[in-house]
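The primary structure of each chain is shown beneath.
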Amino acid sequence: MVEAYSSLAVNLPNIGNVSSSNDSSVSKTVSSRDPRKDYIKIANSRAVFEQVAEKVGISVEDTGEPKIKTDNDSTTITFEVEGASPKEAHQKSLAFYQVLNQEISRLREVELERRKREIEKTLEGTRQRMNLAQKKLDDYQARSALISEKQYQNLLERIKQLRDQQAELQVQKQGVDNILQQLSSALNLSSVEVTEAY
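The rules we used
- Residues numbered from 1 in each chain as written.
- Predicted model: local features only at pLDDT ≥ 70, side-chain atom pairs only at ≥ 80, totals over all residues.
- Heavy atoms only, no water.
- Salt bridge = Lys/Arg side-chain N within 4 Å of Asp/Glu carboxyl O.
- Helix = DSSP H or I, 4+ residues; strand = E, 2+ residues; numbered from the N terminus.
- Buried < 20%, exposed > 50% of the residue type's maximum accessible area, 1.4 Å probe, protein only.
- Pairing = 2+ DSSP bridges.
- Phe/Tyr/Trp six-rings, centres within 6.5 Å; stacked < 30°, edge-to-face > 60°.
- Polar contact = N/O pair within 3.5 Å; in protein donor to acceptor, adjacent residues only side chain to side chain.
- Contact = heavy atoms within 4.5 Å.
- Patch = residues over 30% accessible without salt bridge, like charges linked within 9 Å, V, L, I, M, F, W, Y side chains within 5 Å.
- Areas by Shrake-Rupley, 256 points an atom, 1.4 Å probe, with all protein chains shown as cover.
- Axes fitted to C-alpha atoms, helices over the stretch in contact; angles between N-to-C directions.
- Parallel < 35°, antiparallel > 145°, perpendicular 65-115°, else oblique.
- Left-handed = near helix turned anticlockwise from the far one by under 90°.

J.: Where do I start with the pattern of salt bridges in this structure?
T.: Here the structure, examined in full by the defined rule, presents nine salt bridges. Residue Glu82 is joined to Lys67 by a salt bridge in which the shortest nitrogen-to-oxygen separation is 3.3 Å. A residue pair is termed long-range when its members are at least 10 positions apart, and Glu82 in the loop between β4 (77-80) and α5 (86-144) and Lys67 in strand β3 (residues 67-70) qualify at 15 residues. Glu82 sits in the exposed class, given a relative accessible area of 55%.

J.: Can you help me understand the pairing of β3 in this one?
T.: Looking at chain direction, β3 and β4 are connected through four bridges and run antiparallel. Within β4, the position partnered with Lys67 by the bridge is Glu80. Turn length for the β3-β4 hairpin, with the two strands adjacent in sequence and antiparallel, is six residues.

J.: In this structure, what is going on with the packing of aromatic side chains? I would like to understand it.
T.: If you walk through the whole model with that rule in mind, you get one aromatic pair. Judged by centre distance (5.8 Å) and plane angle (90°), the ring pair of Phe49 and Phe96 falls under edge-to-face. Taken as a pair, Phe49 in helix α3 (residues 46-56) and Phe96 in helix α5 lie far apart in primary sequence, 47 residues in all. Per residue, the accessibility class of Phe49 equals that of Phe96, and both read buried.

J.: Got a minute to help me understand the side chain of Glu103 in this structure?
T.: Structurally, the position occupied by Glu103 is in helix α5. A polar atom in the side chain of Glu103 sits 2.6 Å from the side chain of Arg106. Excluding anything up to four places from it in sequence, Glu103 contacts Ile42, Val48 and Gln51.

J.: I keep staring at a nonpolar patch on the surface and nothing clicks. Help me out?
T.: Residues Tyr152, Leu155, Leu156 and Ile159 make up a contiguous nonpolar surface patch of about 340 Å² in total accessible area. The residue Ile159 is located in helix α6 (residues 149-187) in this model.

J.: Sorry, what's going on with the side chain of Arg36 here?
T.: By secondary structure assignment, the location of Arg36 is in helix α2 (residues 35-43). At 3.5 Å, the side chain of Arg36 and the backbone oxygen of Thr76 are in polar contact. For Arg36, the contacting residues outside a window of four places in its chain are Thr70, Asp71, Asn72, Ser74, Thr75, Thr76 and Ile77.

J.: I tried to follow the packing of α2 against α5 on my own but got confused; where do I start?
T.: Two packed helices can be described by the angle between their axes and the distance between those axes. In contact at an axis separation of 10 Å, α2 and α5 are set at 120° when each is read in the N-to-C sense. The orientation of α2 with respect to α5, classified from their angle, is oblique. As α2 runs across α5, the sense of the crossing is right-handed. Each of Tyr39, Ile42 and Ala43 in α2 lies in contact with α5, whose residues at this interface are Phe96, Leu100, Glu103, Ile104, Leu107 and Arg108.

Just distances and angles here, no functional claims.
Here you go:
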């Protein structure tokens, strides 16, 4: 069996974070089991016998139960199949192998689809909580006159423009002061007298 555990965490800067997890205590027990036991159970199922019988062209009763052995020192599973002839034994063993692989693949697909649905369900729940959190943030910003990141950037840009204008005006003032200084020197007048003359 496959362990059924999922976890999701999302962190959005300046907004907040949301996390979700789905843990099944049953799955923790199941995941510590030897998966070979599940394979043996599948191999001995009626559905497998029926498919083997169909592939070989014999009755379900004539398929006979395979002798299944496991080696404790490895992950190997050994199947022994008997038949009325060596050819039939070979056909049955090949059919058992093919059907067992197909059944395991089918069960994996079912499990993956179940996991996918669980993840989608978790993501949808998280998406809903994030939308709710964003709505609460928007409502709070509207009530408290907080500004958005874009508004903040626009405000900073406007402040920068005003500082640039101030610096430009300062340069212009310096230029005018220099002209007044030159005129007063050339005319032998004080800067107050030059200013009054204009």
